[in-house]
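This is what each chain is made of:
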Amino acid sequence: MCVLIVPDEMKQSKEYAQVFENYMKDQQKERAEIVAEERVQDRSFLSMVKKSTEL
């Protein structure tokens, strides 16, 4: 986890608010994509385990 310390002058800036909001949206997208990729990997692994135990 990261902590960002921002001066009050920047917090009140519309430009800062927009840049920060875009950054957070990108972070959420990346997290969602990572979770989706992990689900695919998990399903593949579970399928492989299931096949190996059926023998």
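Scroll up a little and you will see the structure.
Calculation rules
For every chain, the first residue of its written sequence is number 1, and the numbers climb from 1 along that sequence. Only residues with pLDDT of at least 70 are given local features in this predicted model, and only at 80 or more are side-chain atom pairs given and counted; all residues enter the totals for whole chains, interfaces and linings. Based on all heavy atoms of the structure, the side-chain values leave hydrogens and waters out of the count. The criterion for an aromatic pair is that two Phe, Tyr or Trp rings (for Trp, the six-membered ring) have centres within 6.5 Å, with stacked assigned to planes under 30 degrees apart, edge-to-face to planes over 60 apart and tilted to the rest. Numbering of helices and strands runs from the N terminus; a helix is a DSSP stretch of H or I covering at least four residues, while a strand is a stretch of E covering at least two. The rule for a salt bridge is simple: a side-chain nitrogen of Lys or Arg has to be within 4 Å of a carboxyl oxygen of Asp or Glu. Here's how the labels work: a residue is buried when its accessible area is under 20% of the maximum for its type, exposed when over 50%, partly exposed in between, all with a 1.4 Å probe on protein chains only. Nonpolar side chains (Val, Leu, Ile, Met, Phe, Trp, Tyr) within 5 Å and like charges within 9 Å form the patches, drawn only from residues with over 30% relative accessible area and no salt bridge. Only the protein chains shown count as covering a residue, and every accessible area follows the Shrake-Rupley method with a 1.4 Å probe. With a 1 Å grid spanning the protein atoms alone, the term cavity applies to any set of points in which a 1.4 Å probe fits but cannot get out, the term pocket to an open set with protein on both sides within 12 Å along at least five of seven lines, and the term lining residue to any residue with an atom within 4 Å of a point. Grid points are joined across faces, edges and corners, and a volume is the space filled by probe spheres set on the points. For this classification, Asp, Glu, Lys and Arg are treated as charged, while Ala, Val, Leu, Ile, Met, Phe, Trp, Tyr, Cys and Pro are nonpolar and the rest, including Gly, are polar.

K.L.:
So what exactly am I meant to see when it comes to the packing of aromatic side chains here?
P.N.:
The geometry of two aromatic rings is summed up by the distance between their centres and the angle between their planes. A complete count under the given rule lists one aromatic pair for this structure. Between the aromatic rings of Tyr16 and Phe20, the centroid separation amounts to 5.9 Å while the plane-to-plane angle is 20 degrees, which identifies the pairing as stacked. Residue Tyr16 and its partner Phe20 are both found in helix α2 (residues 14–54); the two are separated by four residues, about one turn of the helix.

K.L.:
Explain the pattern of salt bridges here, please?
P.N.:
By the definition in use, this model includes one salt bridge. In this structure, Lys25 engages Glu21 in a salt bridge whose closest nitrogen and oxygen atoms are separated by 3.5 Å. Remark: Glu21 and Lys25 occur in helix α2; sequence separation between them is four residues, near one turn of the helix. By relative accessible area, which is 45% here, Glu21 ends up partly exposed.

K.L.:
Can you walk me through a nonpolar patch on the surface in this structure?
P.N.:
The grouping of Leu4, Phe20, Tyr23 and Met24 at the surface amounts to a nonpolar patch, some 390 Å² of accessible area in total. Mapping Met24 onto the fold places it in helix α2. Accessibility expressed as a relative area gives 31% for Met24, which makes it partly exposed.

K.L.:
Hey, could you run me through the layout of surface pockets in this one?
P.N.:
Empty space among the atoms can be located by rolling a probe the size of a water molecule over them. What the largest pocket holds in volume is close to 220 Å³. Lining the largest pocket are Cys2, Val3, Leu4, Tyr16, Val19, Phe20, Tyr23, Met24, Gln27 and Arg31. In terms of residue class, the lining of the largest pocket is made up of eight nonpolar, one polar and one charged.

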